[in-house]
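Results of the structural survey
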There are 2 protein chains.
Amino acid sequence: MHTDDGRRRVIIEGVAPEIDGGRFPIKRTIGEDVTVTADMFTDGHDVLSCVLLYRPESEQEWSEVQMKALVNDRWRGSFKIERFEQYCYSLIAWVDHFKSWSRDLEKRIAAGQDISVDRQIGAQRVEEAATRASGSDATALTTYAGLLRDGSENIDIALNPALTALMYKHSDRDYATRYDKELAVTVERERARFSSWYELFPRSLRTETGGHGTFKDVEAHLPTVKAMGFDVLYLPPIHPIGHTFRKGKNNNVVAQSDEPGSPWAIGSEEGGHKSIHSELGTLEDFRQLVDSARSQGIDIALDIAFQCSPDHPYVQEHPEWFKHRPDGSIQYAENPPKKYQDIYPFNFETDNWRELWDELNSVFMYWCEQGVRVFRVDNPHTKPFPFWEWSLSEIKKQYPDTIFLSEAFTRPRVLYRLAKLGFTQSYNYFAWRNTRSELTEYLTELTTTEVAEYCRPNLWPNTPDILPESLQVGGRPAFISRLVLAATLG
Amino acid sequence: MHTDDGRRRVIIEGVAPEIDGGRFPIKRTIGEDVTVTADMFTDGHDVLSCVLLYRPESEQEWSEVQMKALVNDRWRGSFKIERFEQYCYSLIAWVDHFKSWSRDLEKRIAAGQDISVDRQIGAQRVEEAATRASGSDATALTTYAGLLRDGSENIDIALNPALTALMYKHSDRDYATRYDKELAVTVERERARFSSWYELFPRSLRTETGGHGTFKDVEAHLPTVKAMGFDVLYLPPIHPIGHTFRKGKNNNVVAQSDEPGSPWAIGSEEGGHKSIHSELGTLEDFRQLVDSARSQGIDIALDIAFQCSPDHPYVQEHPEWFKHRPDGSIQYAENPPKKYQDIYPFNFETDNWRELWDELNSVFMYWCEQGVRVFRVDNPHTKPFPFWEWSLSEIKKQYPDTIFLSEAFTRPRVLYRLAKLGFTQSYNYFAWRNTRSELTEYLTELTTTEVAEYCRPNLWPNTPDILPESLQVGGRPAFISRLVLAATLG
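Residues numbered from 1 in each chain as written. Chains lettered and ligands numbered in written order. Predicted model: local features only at pLDDT ≥ 70, side-chain atom pairs only at ≥ 80, totals over all residues. Heavy atoms only, no water.

1. Comments concerning the overall build of chain A
For clarity, the threshold we go by: Only DSSP runs of H or I reaching four residues or more are called helices, and only runs of E reaching two or more are called strands; each is numbered from the N terminus. Computation of the radius of gyration draws on C-alpha atoms, with the globule rule given as 2.2 Å multiplied by the number of residues to the power 0.38. The Shrake-Rupley method, run with a 1.4 Å probe, gives the accessible areas here. Residue values count only the displayed protein chains as cover. Neither His nor the chain ends is counted toward charge; the positive residues are Lys and Arg and the negative residues Asp and Glu. Taken as the charge location is NZ of Lys, CZ of Arg, CG of Asp or CD of Glu.
Along chain A, the regular secondary structure elements total 14 helices and 18 strands. Relative to the globule expectation of 23 Å for 490 residues, the C-alpha radius of gyration of chain A, 31 Å, shows a markedly less compact shape. The dimensions of chain A, computed from C-alpha atoms along their principal axes, are 105 × 55 × 45 Å. A total of about 21700 Å² of accessible surface is found on chain A, and carbon and sulfur atoms cover 49% of it. Between the mean site of the 56 positive side-chain charges and the mean site of the 73 negative ones, chain A shows a separation of 3 Å.

2. Observations regarding helix 7 (residues 283-295) of chain A
Residue and element names in this part refer to chain A. We count it as follows: Every helix has an expected span of 1.5 Å times one less than the residues it contains. Note on exposure labels: buried denotes an accessible area under 20% of the residue type's maximum, exposed denotes more than 50%, and partly exposed covers the range between, all computed with a 1.4 Å probe on protein chains only. Regarding the arc, it is the one traced by the directions from the helix axis to the C-beta atoms.
The end-to-end C-alpha distance of helix 7, which contains 13 residues, comes to 18 Å, matching closely the 18 Å that a straight helix rising 1.5 Å per residue would cover. Inspection of helix 7 places Asp-285, Phe-286, Leu-289, Val-290, Ser-292 and Ala-293 among the buried residues, and these make up the whole buried set. The buried residues of helix 7 occupy an angular sector of 170 degrees when projected down its axis, which confines them to one face. Residues of helix 7 that are exposed and point more than 90 degrees away from the buried face comprise Glu-284 and Ser-295.

3. Remarks on the side chain of Glu18(B)
Residues and elements named next belong to chain B. Where we set the bar: Between N or O atoms, a polar contact is any pair within 3.5 Å; within protein, one atom must be a potential hydrogen donor and the other a potential acceptor, and residues adjacent in sequence are included only when both atoms are from side chains. Note on definitions: a residue-residue contact is assigned when non-hydrogen atoms from the two residues lie within 4.5 Å.
Looking at where Glu-18 falls in the secondary structure, it is placed in the loop between strand 1 (11-16) and strand 2 (26-29). In this structure the side chain of Glu-18 is engaged in a polar contact, spanning 2.4 Å, whose partner is the side chain of Tyr-179. In this structure Glu-18 touches Tyr-89, Tyr-179, Lys-181, Leu-183 and Glu-450, once residues within four positions along its chain are discounted.

4. Regarding the side chain of Thr350(B)
Structurally, the position occupied by Thr350(B) is in the loop between strand 15 (338-340) and helix 9 (353-369). The residues contacting Thr350(B), other than those within four sequence positions of it, are Arg7(A), Glu320(B), Trp321(B) and Leu356(B).

5. A word on the interface of chain A and chain B
Which entries qualify depends on this criterion: Salt bridges are defined by distance alone: a side-chain nitrogen of Lys or Arg within 4 Å of a carboxyl oxygen of Asp or Glu. Classification convention: Asp, Glu, Lys, Arg as charged; Ala, Val, Leu, Ile, Met, Phe, Trp, Tyr, Cys, Pro as nonpolar; all other residues, Gly among them, as polar.
On the side of chain B, 63 residues touch chain A, which itself brings 63 residues to the contact. At the junction of chain A with chain B, the criterion picks out 14 salt bridges. A salt bridge links Asp73(A) to Arg411(B); the shortest N-O distance between them is 2.5 Å. One can count 20 residue pairs in polar contact (both at pLDDT 80 or more) joining chain A with chain B. Elements with a contribution of two residues or more to the side of chain A that touches chain B: strand 1 (11-16), strand 3 (33-41), helix 1 (97-110), helix 2 (116-132), strand 14 (333-335), helix 9 (353-369), helix 10 (385-398) and helix 11 (412-421) of chain A. The class makeup of the residues in the side of chain A that touches chain B is 20 nonpolar, 15 polar and 28 charged.

6. Examining the relation of the copies chain A and chain B
The following threshold applies: Our superposition of the copies is a least-squares fit, built on the C-alpha atoms of residues whose pLDDT is at least 70 in both.
The transformation that overlays chain A on chain B combines an axial shift of 0.0 Å with a rotation of 180 degrees, and the residual RMSD is 0.1 Å. Taken together, the rotation and translation relating the two chain copies correspond to the operation of a two-fold axis. When C-alpha positions in chain A are compared against the rotation axis, the closest is assigned to Gly21(A), at 3.1 Å. A shared interface surface links the copies, since 100% of the contact residues of chain A are contact residues in chain B too.

7. Regarding a nonpolar patch on the surface
Residues and elements named next belong to chain A. Heads up, the rule is: What goes into a patch is any residue over 30% in relative accessible area without a salt bridge, connected to like charges within 9 Å or, for nonpolar side chains (Val, Leu, Ile, Met, Phe, Trp, Tyr), within 5 Å.
Where nonpolar side chains cluster on the molecular surface, the patch consists of Ile-480, Leu-483 and Val-484 and spans about 270 Å² of accessible area. Among the secondary structure elements, Ile-480 is positioned in helix 14 (residues 469-489). Classification of Ile-480 as partly exposed rests on a relative accessible area of 41%.

8. Section: the pairing of strand 16 (residues 374-377) of chain B
Residues and elements named next belong to chain B. Operational definition: Two strands make a pair as long as DSSP finds a minimum of two bridges between them.
Neither face of strand 16 is open: one carries Val-374 and Arg-376, the other Phe-375 and Val-377, and all of them are buried. One ladder, built from four bridges, connects strand 16 with strand 17 (residues 403-406); its direction is parallel. When the sheet's bridge partners are listed, Arg-376 is paired in strand 17 with Leu-405.

Here is the structure:
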């Protein structure tokens, strides 16, 4: 069987960026450029016209940019992101007989050859273009064709830029090759690309009296955060904390009666992931904090950790979302021989996975409704990748300005896959890269390879549970150099 | 909308080899291995089973090879090509709960933990596997499960290789991830991978009398070719030579009356691409040569050049296959300002391209019918890529042992694209790579990148129309070093 039309002679391959064969979008913010390169060539020596097509998702019509030839059949074109919505791009290229004719004509003239027949060939091309044009373009083309035919005008007329432009505009695309994929660009707000995160534990904020800090204390602290230059204020989980197997301070597995427990042991009789730890304040206080922060140019980021204390309401209401052991107990988190008995992970292999997914997704939706637009997601690499792809896309459909920071850095493939699936920013290995060669190698990977198209590294220096050796022993100079490195490399 | 089943937790990506997203097959000969690597991982810390699937095209059933974990979630597996037909390969991987359980059990034992509940969990997994098994496997699994449950046997039973093997054999693949592509392997005969080509002009072979050499002379010369170690004897076009604008010797554009012309100016009143230049002998002589060569382990390779002398019968019979100029003449080949008036190229943009394709394809078929199985294709890069993809595949369907050498080396993308489309071996830039660093860089590209999967470089030193500077000035030592380089690098 022959191909559909053997006259489609142009090959398009090696398109970049194209993440995993187009399976995933690249990421941009408004004002950024998308530069596309591709190998485009045909048989023989004909000249091509190569065009980058792009459009915001809501537009039917493609915009076009003529691409420029680099070397070795590679072409490049760019467009700018101007709207806050997903974009698509693709390519189209064709053998441009008029361009080939013009190129050859110049050579023939330079060689002093007889070009009388070539004038007629060119005139014919221009006449054909005139039939594809209308109005003044058609008139102009017909005039040019006549001048070429009758020979009264100098041949320079054929190389006139106005004619070249008209011939491109009305080029014969009948046998153009259209790239067989439409590639996507996820467009996010500027803070997705560049933001400076500050983390604090609200309960520790009432430094003077020593009592439990509240959202109101955080609100009072906002100007200080702002003055330091931060634009995201990230809070550890703000939900009720479990009491079963509550952990104490300094890694003590048993808490004293006055110890508050880890905020990542989420859920108690007071509620779960949609409730607020009462000592922090009310939902009204929280909304007030979010609004106040926004008015000062700061996003409040919530830490979403999908795991439950044994006291979480889900454990009673949805025992089918957890793994049950033969002795009747629920499987706690563990990394044998280590046990984390204050935490029950969800069992994503439950037959009721759809209900579980819906509920977890609704947690994000709930906090979006309260005005939150930035989430730091705890351990996303211990929940199925298909869940994240679905959930992040669901949330962004309704709240497109939402930013998700992925706390996954155990393994490079996992880190990158989560970035591909929709996480806006990513934890990474920056904190452990110290020497010049380590930093050069890692930042080269992050900024000059395909990774840069979909993964935005968040260059944090330390976290409440990670203090790299360099900071433990390096003192203030180490912290300052991290700051400067993060600011300049970022 | 949720995904089809959120419990398919394994990701498969970064599969290699996979040429242009699976658009093109890789190439192998019988006895060669196909080694496949891929990134495979899941959320959390569960252990995977990863399997390479493969089958000869004519088999319905997939064969399986368990893959081995390398580092950073990369897995590797291999299979051997044992039949002379196309192969397919793909991947499947699943979260293997029994493997995770075994790994954790070892850690628990090492830490001296109570494993009574873990025995029950393990027993349950084994019982489930028993329901998927039958016959002696089911019996054995049930016995193992009982031993785990009742606790009378030492826990080492759980780590018994026989149990491990049975559990793998009857693994729960309900939520396995199957790679979404089936990738192809083109299988060719050994000479596709490794062959040593000798080129001669039959007409020049009668050195003693000085007359026109014939196929019989070539036949007599075969033992000499064989003795030098060659296994392919390549002949320039053997068809009738045109007389219009016939070229003379030493680049003379006008031939003297006794000059034979270039064999690449194909076609005269005597016939075209399916005819034999009468001075070489008869079709019978040619078949005799092919048979005689084969019996000595030599393939006769024909040069197929799809272009016509103005005297070719096609020009009269199919004027629609050529480009016509406004002055009524047919467009000859040119690279302005250079003119090649003894050659008419085909116009592949003709409305009759289907008929043209069929006729050109029939040229290969005709010579295959005469016993030829090796073709050197002249200037394939001046004919459309879709034609080659179609024609080479058509011929191989009927004559799977056919070998095509592509004479295209003007541009790297073009060279590689033709190799991807089905050419068996490729001209390349070896002849122009002289220094150590040039050779290292080029051979590294050819042998250690994805190129090695689909492009087999033919490391020729020179041709009748290419004599690289190094051989012009380097004398015998340069030829010897080329020979050694080609032999060892190849």
